[in-house]
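# A closer look at the structure
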Amino acid sequence: MTEQQLREQMVTLARSMFERGYATGGAGNLSLKLPNGHFLATPTGSSFGRLDAERLSVIDIDGNHISGDRPSKEVAFHLAIYRNNSECNAIVHLHSTYLTALSCLEGLDTDNAIKPFTPYFVMRIGKLPVIPYLRPGDPRIAEELAKRAKDYRAFLLANHGPVVTGSDLIDAVDNAEELEETAKLALMLDGKPIRYLSEEEITDLQGRGK
Ligand SMILES: O=C(O)[C@@H](O)C(=O)COP(=O)(O)O
Ligand SMILES: [Zn+2]
C-alpha cells in the first residue's frame, strides 16, 4: 500500500472504532510502519472520530518528528515495540471499557491477565502480560514494553488500557477488538464456574494461525 492509502486506512479504521465505542474523547493512539521506514502516528490529543489524513504525524525510528501535527505522547512505547519485534507493523492503544476495567483489578496474573477460555484469544493473542502502573507518557513504559515485545502480541498497562500489535493496521485493530470482547466475557463470567481450555487444547491451537 502507498503512504496515502495507509493514511486513509488509519483515518477510516480509527473512525470505525470511535463509532462503535472502542475509543472515546482523545483517548488512545495508533501507529503503523510506512514503506519508507518511517512511522505514521496519531497526533497527541486527537480523537479517533476526527482524524485528518494530511495532519497525521510522521516520525522516524528515533522518535524525531518529521511532519504533520505533534505526535502522540506515547510514540516512545510504540517505537520500543517496533525496535524489538520485526513482525509488528502496526500498534493500537485503547482505553476500551472492558480491558481498562480489567487493568484496574488487584491480583491479576502479571504473566497473563486472561486465562484462556475461548480459542480466538489463544489464536490471536496468546498471552496478555500486565505492565506495572506508570503515568501515561512515562518513558519507562517503553522500557517495560521493550523487554517483552518479542514474546507477546498484546500488553495490558495497569490502570490504563491495552496495547495491541499486528502484522498491519487491520490485523492490529481486529486483534484489539477481539481482545476487548474477551475481556468483556471474562468480566461477565467472573464468579461463575468457567470451563477453561486445557493445556492440551491450548497447545493444539498454538501455531495454527488465525
Ligand atoms: O492515556 C494517555 O494519556 C495516553 O496513553 C493516550 O491514550 C492518549 O495520548 P495521546 O496519544 O498523546 O493523545
Ligand atoms: Zn492511554
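Here the structure is a predicted model, which is why all the values come from computation and not from measurement.

A few words on the packing of aromatic side chains. For any pair of aromatic rings, the description rests on two quantities: the centre-to-centre distance and the angle between the ring planes. A full pass over the atoms with the stated rule returns two aromatic pairs. Ring plane angle 35° and centroid distance 4.5 Å describe the contact between F39 and Y82, whose orientation is recorded as tilted. Of this pair, F39 sits in strand 2 (residues 39-41) while Y82 sits in helix 2 (residues 75-84), and the two are 43 residues apart along the sequence. Across the pair, exposure class does not vary: F39 and Y82 are buried alike. Arranged with centres 6.5 Å apart and planes meeting at 70°, the rings of Y152 and F155 form a pair that is edge-to-face.

Burial within strand 1 (residues 29-33) is extensive, with four of its five residues counted as buried. With four bridges connecting them, strand 1 and strand 5 (residues 90-93) associate as antiparallel partners. Pairing of N29 across the sheet is with H93, part of strand 5. Judged from the three bridges that link them, strand 1 and strand 2 form a sheet pairing that is antiparallel. By the bridge assignment, L32 is partnered in strand 2 with L40. Where strand 1 hands over to strand 2, the hairpin turn is made up of five residues, of which G37 adopts a positive phi near 95°.

Within the structure, ligand 1 sits among 13 residues, and T44, G45, S72, K73 and E74 are positioned closest to it. A distance of 2.8 Å separates an oxygen atom of ligand 1 from a polar atom in the side chain of K73. One of the side-chain nitrogen or oxygen atoms of H93 is found 3.2 Å away from an oxygen atom of ligand 1. Calculation on ligand 1 without its partners gives an accessible area of 350 Å², and the protein chains cover 91% of this total. When its residues are assigned to classes, the shell around ligand 1 shows two nonpolar, nine polar and two charged.

Here is what the cut-offs are and how they apply
- Residues numbered from 1 in each chain as written.
- Chains lettered and ligands numbered in written order.
- Predicted model: local features only at pLDDT ≥ 70, side-chain atom pairs only at ≥ 80, totals over all residues.
- Heavy atoms only, no water.
- Phe/Tyr/Trp six-rings, centres within 6.5 Å; stacked < 30°, edge-to-face > 60°.
- Helix = DSSP H or I, 4+ residues; strand = E, 2+ residues; numbered from the N terminus.
- Buried < 20%, exposed > 50% of the residue type's maximum accessible area, 1.4 Å probe, protein only.
- Pairing = 2+ DSSP bridges.
- Near = heavy atom within 4 Å.
- Polar contact = N/O pair within 3.5 Å; in protein donor to acceptor, adjacent residues only side chain to side chain.
- Areas by Shrake-Rupley, 256 points an atom, 1.4 Å probe, with all protein chains shown as cover.
- Nonpolar A, V, L, I, M, F, W, Y, C, P; charged D, E, K, R; others polar.

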